[in-house]
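# Descriptive analysis of the structure
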Amino acid sequence: MTNISFDLVDILRTIQKNKRFIIIVTLVGVTIAGAFQVVKPKKYKAEARFFVNNPLYGDRSTLFRSFETKYVDYFGGDDDVDKILALASSDTVRDRIIRNSQFDIVYKQDLNTAKGHDALMMIFKKNFNIKRTEYKDVEVSYVAYDAQVAANVTNMTVKVLEETYRQYYNNIKSSIYTSINDQLVILDSSIATLTDTLASLRDQYGIYSIISPARQNVLVSEIKGGGKGYGRAIEEIQNIESVKDQLVTDRAHYISALNEFNATKNSAMDFLKVITRAVPPVNPAGLGMVLTLVAAGLLSFFFSALYVLMMAYYRKLNAIER
C-alpha cells in the first residue's frame, strides 16, 4: 500500500496556489459580516449590581438584643444569595417585573391572554441574566433594542427582588404578630372578667388590702375584718389575684413583643444594597464593527483554506489510487 505524503510544504504550496480563491472568500465573508452588522438592529445591555444583606439584622432578637449578644455579619451568606437567585427564576417574580415594566406596551403583546403572556415571559427569560460574582455580590442584566428599556427593566428587577425578599420575612413576622395580638385579645377578656370578680368580692367583704402572693416585692398590709365566710373570701381573692397578676404581666410582655415585631417590619431596613444602578448604555451589546470584521475575516480565511487543503488532499488520494 502506497503512503500518502501531504506535509507542510504541500500545505503551503496548496494555499499559495489557491490564494486568489481564499482572498475572494475572505473578502466576501468580511463584506457579508459588515452588511449584517449594519442592517441588524442594535441591542443594548444594562447591568446592575447589589449585595444581599443579612436578614438576621432585621430580626427581633438582634434588633433589640433580647438575648445573648452574638456577632452577625452584615452581608448575607451563600444561602441568602441562593434565595435571591431562586426568586429571580420564579414565575411570580418575573410576572411582576413584566407587568411593572409594561412589557405589553414595549413589545406590543396582549398581557391578558395566555399566548401573549407566555410570549412576554419567554422574551424576558431570553434577555435576562442574573449571576453571582467572585466578590459575593449579584449581577443583574437585561438586553433590549432600546437602551432606556434595558435600564428600566434591570432596575425594576432589583426593586421587585428586594420587595419579594423583604415580603417573605415580613409575612412570617406578620403571622407571629397576628398570633400574639389574637392572644392579647383573649388576655384582655380574661383580665376584665377577673377584675369584675375581684371587685365584687372586695366590695362584698370589705377587703381592699393587697393580698396577692404573686406580688413578691409588695408588703402585704394587715387585713382587717371578720365574720362567717371572711377567711374563704381572703383565699379566693388571693387565688384570683395571683392569676390576674400573672395575666397582666403576660399582657405587658405581649405588648412589648408586638412593638418589637412591628419595628422589625420597618421599610427603612433594606434587604438588598445596590452598589451599581443600571443606566442606559451608550454602546450596543456584542462585538463592534471592527471586531466583527476581523472575526469574519479570520473565520472565512480559515474555512476557505481548510476547504482547498481538503480538496487538494482528496485529489492526491484519488490520483494515487488510480
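Below is a short write-up of the structure. Worth saying up front: this structure is predicted, and the values here are computed from it rather than measured.

### Here we look at the overall build of the protein
On a plain count of helices and strands, the protein comes out with ten helices and four strands. Helices and strands in the protein line up, N terminus first, as α-α-β-α-α-α-α-α-β-β-α-α-β-α. Buried residues in the protein amount to 34% of all 322 residues. Excluding contacts between residues fewer than 6 apart, the proportion of contacts in the protein whose partners are at least 24 apart in sequence is 77%. Surface summary for the protein: the accessible area is close to 20700 Å², and the carbon and sulfur share equals 57%.

### Description of the packing of aromatic side chains
Per the stated rule, a full pass over the model turns up twelve aromatic pairs. The interplanar angle of 90° and the centroid separation of 5.2 Å between the aromatic rings of Tyr 168 and Tyr 169 together place this pair among those described as edge-to-face. A relative accessible area of 18% places Tyr 169 in the buried class. The interplanar angle of 75° and the centroid separation of 5.2 Å between the aromatic rings of Phe 302 and Phe 303 together place this pair among those described as edge-to-face. In this structure an aromatic cluster arises from ring pairing among Phe 103, Tyr 107, Phe 124, Phe 128 and Tyr 142. Its end group placed over the ring of Tyr 177, Lys 265 keeps NZ or CZ at 5.0 Å from the ring centre.

### Re the nonpolar core
Membership of the largest hydrophobic core comes to 34 residues, with the highest contact counts inside it found for Phe 50, Val 52, Ile 84, Phe 124, Ile 130 and Leu 161. Those elements that place two or more of their residues in this core are β1 (44–52), α4 (78–88), α5 (91–100), α7 (114–127), β2 (128–132), β3 (138–144) and α8 (147–205). Residue contacts for Val 52: discarding those within four places in its chain leaves Phe 75, Gly 76, Asp 80, Val 81, Ile 84, Val 138, Tyr 165, Phe 271 and Leu 272. Counting residues in each nonpolar core, the second largest holds 13 residues, with Ile 191, Ala 233, Ile 237 and Leu 247 among its members.

### Concerning a nonpolar patch on the surface
On the surface, Leu 299, Phe 302, Phe 303, Leu 306, Met 310, Tyr 313 and Tyr 314 cluster together into a nonpolar patch covering about 700 Å² of accessible area. Looking at the secondary structure, you find Tyr 313 in helix α10 (residues 289–321).

### Points about the environment of Gly 231
In this fold, Gly 231 is placed in helix α9 (residues 230–264). By relative accessible area, which is 43% here, Gly 231 ends up partly exposed. In this structure, the C-alpha to C-alpha distance between Gly 231 and Tyr 205, residues 26 residues apart in sequence, is 9.9 Å.

### Here's the deal with the environment of Thr 26
Note that Thr 26 resides in helix α2 (residues 19–39). Each C-alpha atom, one on Thr 26 and one on Gly 297, is 5.4 Å from the other, the two residues being 271 residues apart in sequence. Among all residues touching Thr 26, those that are not within four sequence positions of it are Gly 297, Ser 300, Phe 301 and Ser 304.

Rules of the game
- Every chain begins its residue count from 1, and numbering advances along the sequence as written.
- Predicted model: local features are reported for residues with pLDDT of at least 70 only, side-chain atom pairs are reported and counted for 80 or more only, and whole-chain, interface and lining totals are derived from all residues.
- Remark: hydrogens and water are excluded; side-chain values derive from all non-hydrogen atoms of the structure.
- The way it works is that DSSP assigns letters per residue, a run of H or I at least four long becomes a helix, a run of E at least two long becomes a strand, and they are numbered from the N terminus.
- The rule is simple: take the accessible area with a 1.4 Å probe, protein chains only, and divide by the maximum for that residue type; under 20% is buried, over 50% is exposed, in between is partly exposed.
- Contacts are assigned to residue pairs that have any heavy atoms within 4.5 Å of one another.
- Accessible surface area values rest on a Shrake-Rupley calculation with a 1.4 Å probe, where residue burial reflects the displayed protein chains alone.
- Any pair of Phe, Tyr and Trp rings, taking the six-membered ring for Trp, is counted once the centres come within 6.5 Å. Such a pair is stacked with planes under 30 degrees apart, edge-to-face with planes over 60 apart, and tilted for the rest.
- The rule is short: NZ of Lys or CZ of Arg within 6 Å of the ring centre and within 35 degrees of the ring normal puts a charge over the ring.
- Throughout this description, the term nonpolar core refers to a set of buried Ala, Val, Leu, Ile, Met, Phe, Trp, Tyr and Cys residues connected via side-chain atoms within 4.5 Å.
- Two joining distances apply to patches: 9 Å for like charges and 5 Å for nonpolar side chains (Val, Leu, Ile, Met, Phe, Trp, Tyr), and every residue must have over 30% relative accessible area and no salt bridge.
- What counts as a salt bridge is simple: a side-chain nitrogen of Lys or Arg found within 4 Å of a carboxyl oxygen of Asp or Glu.

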